[in-house]
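Geometric and topological summary
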Amino acid sequence: MTTEAISSRLPTGAIDTSGPRGPRPKSVTIGRIGVYAFLILSALFFLLPLWVMVVTSLKTMPEIREGHLFNWPALLTFDPWLKAWDTACTGRDCNGLKPGFWNSVKITALSVPVSIVIAMINGYALSFWRYKGSELLFGILIFGAFVPYQVVIYPLIIGMRELGLFATLPGIVIVHTIFGMPILTLLYRNFFASLPIELFKAGRVDGAGFWGIFFRIMLPMSVPITIVAVILQTTGIWNDFLFGTVFAGRENMPMTVQLNNIVTTTTGIREYNVNMAATILTAAVPLVVYFISGKWFVRGIAAGAVKG
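An account of the accompanying structure is given in this report. Everything numeric here is computed off the predicted structure, so don't read it as measured data. Residue numbering note: each chain is counted from 1, following its sequence as written. Since the coordinates come from a predicted model, pLDDT governs what is reported: local features require at least 70, and pairs of side-chain atoms require 80 or more to be given and counted, while whole-chain, interface and lining totals use all residues. With hydrogens and water set aside, each side-chain value is computed from the structure's full complement of heavy atoms.

So, the overall build of the protein chain
The condition is simple: A run of DSSP states H or I qualifies as a helix once it reaches four residues; a run of E qualifies as a strand once it reaches two. Both are numbered from the N-terminal end. Per-residue accessibility, obtained with a 1.4 Å probe over protein chains only, is compared with the maximum for each type, and a residue is labelled buried under 20%, exposed over 50%, and partly exposed between these values. Residue contacts are defined here by distance: any two heavy atoms, one from each residue, within 4.5 Å place the two residues in contact.
Looking only at helices and strands, the protein chain features 14 helices and 0 strands. Scanning the protein chain from its N terminus toward the C terminus, one meets helices and strands in the order α-α-α-α-α-α-α-α-α-α-α-α-α-α. The burial tally for the protein chain puts 34% of its 308 residues in the buried class. Across the protein chain, contacts joining residues at least 24 apart in sequence account for 71% of those joining residues at least 6 apart.

Focus: the side chain of Thr-108
What counts, and what does not: Between N or O atoms, a polar contact is any pair within 3.5 Å; within protein, one atom must be a potential hydrogen donor and the other a potential acceptor, and residues adjacent in sequence are included only when both atoms are from side chains.
Note on placement: Thr-108 falls in helix α5 (residues 98–128). Within the structure, the side chain of Thr-108 is placed 2.8 Å from the backbone oxygen of Ser-104, a separation counted as a polar contact. The residues contacting Thr-108, other than those within four sequence positions of it, are Pro-113, Thr-234, Ile-237 and Trp-238.

Side note on the pattern of salt bridges
Heads up, the condition is: A pair is scored as a salt bridge if a Lys or Arg side-chain nitrogen falls within 4 Å of a carboxyl oxygen belonging to Asp or Glu.
This structure, assessed with the given rule, holds 3 salt bridges. With its nearest N and O atoms 2.8 Å apart, the salt bridge here joins Lys-98 to Asp-86. One end of the pair, Lys-98, is in helix α5; the other, Asp-86, is in helix α4 (residues 79–86), with 12 residues separating them in the sequence. The exposure class assigned to Asp-86 is partly exposed, which follows from its relative accessible area of 34%. Residues Glu-162 and Arg-161 are paired through a salt bridge, measuring 2.7 Å at the closest nitrogen-oxygen approach. As far as the burial class goes, Glu-162 and Arg-161 line up, both exposed.

Concerning helix α8 (residues 169–193)
Helical periodicity: at 3.6 residues per turn, an α-helix aligns residues three or four positions apart in one direction. Here is the rule: Here the expected length of a helix is defined as 1.5 Å per residue gap, with one fewer gap than residues.
Between its first and last C-alpha atoms α8 spans 35 Å; for 25 residues at 1.5 Å apiece the expected length is 36 Å, and the two agree. Counted residue by residue, α8 has 18 buried out of 25 residues, so it is predominantly covered. Looking at where α8 begins, the residue whose side-chain oxygen comes 3.2 Å from the main-chain nitrogen of Gly-171 is Thr-168.

This is the structure:
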């Protein structure tokens, strides 16, 4: 009997509590089992190298030479971690990763706010204050995101040398700001373009100008996309090796450059446990950033980062 027929036979004023009819959908299906099996196998596949690095970093060199790659260490030791951090040789110096860590912190802490502030203003101007030639400028800016870094390294070296900024901390900060600008501007421009134009018009009616609308309306609403930009810039700058090698200089070498120097040092015995510990220490900051702010990253992307 259909729902309409049941309702027609009910007394006047009575409530139909019969609810929907028919078989309940199956909670376990072959397709769902296949999807979960694929996801579990993929997770194990990608976690396997991390497991190898962790267990190798906790083993002694005699145990590593036995060749049991995946086994948990029989004699647990944290000496490789202490050596990687404090006394491992990175070329001529034997100060470990500690100097490189603080150099990476300085470079990231200066580059991320500068690049985000400039990109935020660019995206805001290109969304609501379009001027003649703004679309052409935006196209050129986006084109810069697809230019290989290696193509422009030599001109940048010449320019930085003429300005007296080559191999200095301000120089590497400027380089990271320049190369982070295209993608960050695209993110902010698309986010602001997805906002209702009525907000901008209401601000103009109330007498607000360029900076008034930006600070009172746009800036408070751009928190989700700013979180995305911070995550992208922080992980990108922290993981950078090319610019750190070329532009940072010996006194400002980031952690990735120090890691490369530890791994490629050929003096004496190659200590695989120290190399693995140094690798995990270098990758720890991006991993922590993603683990802590992963859900905000997804929310920021969904809030307009890929719209427009």
